[in-house]
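# Commentary on secondary and tertiary structure
Residue-level listing of the chains:
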Amino acid sequence: MKPFAPHRRRRRASLATVFAVPIFLLVATIAGLVIGLNGDGLPDFLAWALLALPLLALANAWARRS
Amino acid sequence: MAPCKGLHQLKRSTIKGWFLVHKWTSLIATAFLLMLCVTGLPLIFHDEIDAVFGEDHDATLPGTPSADGGLPLDQMLQTALDQRPGEVPLFMAFSQDSPLLTVTTGPAPDAPGDEMTLLFLDRATGEALGPAPGGGFMDFVLQLHTDMFLGLPGMLFLGVMGAMFVIALVSGVVLYAPFMRRLKFGTLRTRRSARVRRLDQHNLIGIVALGWMLVVGATGMINAFADPLVDSWQNGELAEMTARYAGERPLPPQEYGSLDTAMASAQAALPGRSPQFIGFPGGDWSTGHHYAIFFQGDRPLTQNLLTPALVDARSGELTDARAMPALNQALMISKPLHFGDYGGLPLKIVWAVMTLLTIWVLWTGILLWLRRSPAHMERRIDEIAHGAMAGQPA
């Protein structure tokens, strides 16, 4: 038997859960921006990789849209 | 359950407060932020655009970078002044990449920006490359982006809009927390109303681009206050460094001494540093009696941190060399973080994509506000307070 509608509501997640991915992306972005300032070559590659993460997260969410 | 209810209501009123902050800071700033995004897009690629129109001397001149050496500076300055009879030198700027040397002249030592002429020279051959083409499309875009053709008041106004943007971002994050409590990260509900679709896009793109928007917003705000910061350095530390000249009359241009001697004194005080530009006496970046020679830091991270050496413009003797104050240093560090010009083409593409995402966040925000219905606000706050739901109509 299917549960009633109220039971289908997702449980309230904790703040830590809500912000887990956003904080990871925020840290990756700021680290990428600052590391890129440290010169050409490796720092630039690191910056590109870190800054690609928020864009990949967005692309992933878009691919899974309901 | 009275205490619990009280707590719930308090929370709801707090959320309402943040909602109003988010709504009003966004409403005030959105039109200007959209303008900044649209003008910022071509500015990201200004090097590439200049190269297409053949204005990128830095990429085409072969030889030793003008910051490292070449023909004597006095000779280069004379070549420049010969092109602008009756004018005085205001700035000389060096390139770290090519023999390109620029000299800015004007009718008087304290000439305003719109009376200045920027001249291009080749320090390897001594050849004059003519004045910088002014008034082009990119100049127009840059001016619009910096001060909307309103000078300092325009700059400060856009700085305040930048502050609004940062407050809107912070309040948006505060609202994101309760709203997302029942939704998974990345939820995009597309089969509901247009409002839910836009709201999910607004929230997701906003949180994904948050870091970039915060950094570019905050550094843009700092840049907007650049002129007052330079003034405060000039009136404070620079005046202190050159206190013993305070009572003297400004040095007239015909009494300016050798630039090469001045450069040698400055480089003896700051060995191994590369010069970025020289501020001539009487301008915003010097005193009435000094060549202010600004040197770059010796590491990539400190490249934008300038250390000025003040050299007596008549005698060529060093007066003092001291790093700039912390606030001015923050300003200099913040410049590349705003322009995104320090990590090659991929970084510029990131900048462009993030700008487009910002435009989308602003646009969905406007639509959410325009398409609101009566009593919308109480419903919206309930929705945020209780958390949006995956399985219920919104």
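In this text the structure is predicted, and so the values were computed from the model without any measurement.

## A few points about the overall build of chain B
- Helix and strand content of chain B: 13 helices and 8 strands.
- Classification of the 394 residues of chain B by burial places 37% in the buried group.

## Some points on the confidence of the model for chain A
All names here are of chain A.
- When pLDDT is averaged across chain A, the result is 86; 85% of the residues are at 70 or more.
- Least confident of the elements in chain A is helix 1 (residues 5-8), whose mean pLDDT is 48; most confident is helix 3 (residues 42-63), at 95.
- Across residues 1-7, where pLDDT falls below 50, the model places 1 contact with residues more than four positions away in sequence or in other chains.

## A closer look at the interface of chain A and chain B
- In this complex, chain A contributes 33 residues to the contact, which on the side of chain B involves 34 residues.
- Here the element with the most residues in the side of chain A that touches chain B is helix 3 of chain A; it accounts for 11 residues.
- Across the side of chain A that touches chain B, the residue classes tally to 20 nonpolar, 6 polar and 7 charged.

## Quick word on the pairing of strand 2 (residues 100-106) of chain B
All names here are of chain B.
- Of all 7 residues that make up strand 2, 6 are buried, and the element is covered over most of its length.
- Pairing analysis gives 6 bridges linking strand 1 (residues 88-94) to strand 2, with the strands arranged antiparallel. In the strand pairing of strand 2, Met 92 is matched with Val 103.
- As consecutive antiparallel partners, strand 1 and strand 2 are separated by 5 residues.
- Two elements, strand 2 and strand 3 (residues 117-122), share 6 bridges in a ladder whose sense is antiparallel.

## A short note on the domain arrangement of chain B
- Domain annotation of chain B identifies domain 1 (2-48 + 149-224 + 342-386) and domain 2 (56-132 + 252-313).
- Computed over C-alpha atoms, the centres of domain 1 of chain B and domain 2 of chain B are 43 Å apart.

## Quick notes on the pairing of strand 6 (residues 290-295) of chain B
All names here are of chain B.
- Among the 6 residues in strand 6, 6 count as buried, and that is most of the element.
- A two-sided burial pattern is seen for strand 6, the buried positions comprising His 290, Ala 292 and Phe 294 on one face and Tyr 291, Ile 293 and Phe 295 on the other.
- Pairing geometry for strand 5 (residues 275-279) and strand 6, over 4 bridges, is antiparallel. Residue pairing across strands places Phe 277 opposite Phe 294, the latter belonging to strand 6.

## Let's talk about the packing of helix 6 (residues 151-179) of chain B against helix 8 (residues 210-224) of chain B
All names here are of chain B.
- At a minimum axis distance of 8 Å, the contact between helix 6 and helix 8 shows a crossing angle of 155°. In terms of axis orientation, helix 6 runs roughly antiparallel to helix 8. Relative to helix 8, helix 6 is oriented so that their crossing is left-handed. Contact with helix 6, carried on its side by Met 155, Leu 156, Leu 158, Gly 159, Gly 162, Ala 163, Phe 165, Val 166, Leu 169 and Val 173, involves Leu 210, Met 213, Leu 214, Gly 217, Ala 218, Gly 220, Met 221 and Ala 224 of helix 8 and no other residues of that element.
- Taken together, the residues that form the contact of helix 6 with helix 8 break down as 14 nonpolar, 4 polar and no charged.

## A closer look at the confidence of the model for chain B
Residue and element names in this part refer to chain B.
- Summing up the model confidence of chain B, the mean pLDDT is 89 and the portion of residues at 70 or higher is 94%.
- When the criterion is pLDDT under 50, residues 1-10 qualifies, and its contacts beyond four places in sequence or with other chains add up to 0 contacts.
- The ipTM value of the predicted complex is 0.88, and its pTM value is 0.85.

## Describing the sheet that holds strand 5 of chain B
Residue and element names in this part refer to chain B.
- Pairing in this open sheet of 8 strands is antiparallel, and the strands run 4-3-2-1-5-6-7-8 from one edge to the other. Each edge of the sheet is formed by a strand with only one pairing partner; in this case those strands are strand 4 (128-131) and strand 8 (318-321). Within the sheet, the average angular offset between the axes of one strand and its neighbour, ignoring direction, is 20°.
- In this sheet, strand 4 lies alongside strand 3 in antiparallel orientation, the contact comprising 3 bridges.

## Concerning the nonpolar core
- Of all hydrophobic cores here, the largest spans 81 residues; its most connected members are Val 208, Ala 209, Tyr 291, Ile 293 and Val 311 of chain B.
- In terms of domain composition, this core takes at least three residues from each of domain 1 (2-48 + 149-224 + 342-386) and domain 2 (56-132 + 252-313) of chain B.
- Leave out the neighbours within four places in its chain, and Val 208 of chain B touches Leu 25, Pro 54, Ala 57 and Leu 58 of chain A.
- Ile 15, Leu 183, Ile 381 and Ala 385 of chain B belong to the second largest nonpolar core, which has 10 residues in total.

## Quick word on helix 2 (residues 15-35) of chain A
- Compared with an ideal rise of 1.5 Å per residue, which puts 21 residues at 30 Å, helix 2 of chain A spans 29 Å between its outermost C-alpha atoms and is within 8% of the ideal.
- Val 21 of chain A marks where helix 2 of chain A bends most, by close to 35°; the proline Pro 22 of chain A follows one to four residues later.
- Here helix 2 of chain A has its buried residues at Val 18, Pro 22, Leu 25, Thr 29, Gly 32, Leu 33 and Ile 35 of chain A.
- Structurally, helix 2 of chain A contributes buried residues whose contacts are with helix 3 of chain A together with helix 6, helix 7 (194-208), helix 8 and helix 11 (326-339) of chain B.

The rules behind these values
All residue numbers refer to positions counted from 1 along the written sequence of the respective chain. Each chain gets a letter, beginning with A, and each ligand a number, beginning with 1, in the order they are written. Residues qualify for local features only when their pLDDT is at least 70, as the model is predicted, and side-chain atom pairs are given and counted only at 80 or more; totals for whole chains, interfaces and linings, by contrast, use all residues. Helix and strand labels come from DSSP, where a helix needs a run of H or I of at least four residues and a strand needs a run of E of at least two; each type is numbered from the N terminus. Residues with at least 20 other C-beta atoms within 10 Å of their own are called buried, those with 12 or fewer are called exposed, and the rest are partly exposed. The C-beta atoms themselves are positioned from the backbone. Scored between 0 and 100, pLDDT is the confidence that the predictor attaches to each residue. What counts as a contact here is a pair of residues whose C-beta atoms, placed from the backbone, lie within 7 Å. The nonpolar class holds Ala, Val, Leu, Ile, Met, Phe, Trp, Tyr, Cys and Pro. Asp, Glu, Lys and Arg form the charged class, and all remaining residues, Gly among them, are polar. Only when DSSP finds a minimum of two bridges between them are two strands counted as paired. An automatic or database domain assignment is the source of the domain bounds shown. For helices, the axis comes from a line fit to the C-alpha atoms of the stretch in contact; other axes are also lines fit to C-alpha atoms, and the angle between any two N-to-C directions lies between 0 and 180 degrees. Every angle not falling under 35 degrees, over 145, or within 65 to 115 is termed oblique; those three ranges are roughly parallel, roughly antiparallel and roughly perpendicular. Less than a right angle of anticlockwise turn of the near helix away from the far helix marks a crossing as left-handed, whereas a clockwise turn marks it as right-handed. Only buried residues count toward a nonpolar core: Ala, Val, Leu, Ile, Met, Phe, Trp, Tyr and Cys, linked into one set through C-beta atoms within 7 Å. By definition here, a helix of n residues has an expected span of 1.5 Å times n minus one. In this scheme, the bend at a residue equals the angle between the axes fitted to the seven residues that finish there and the seven that begin there.

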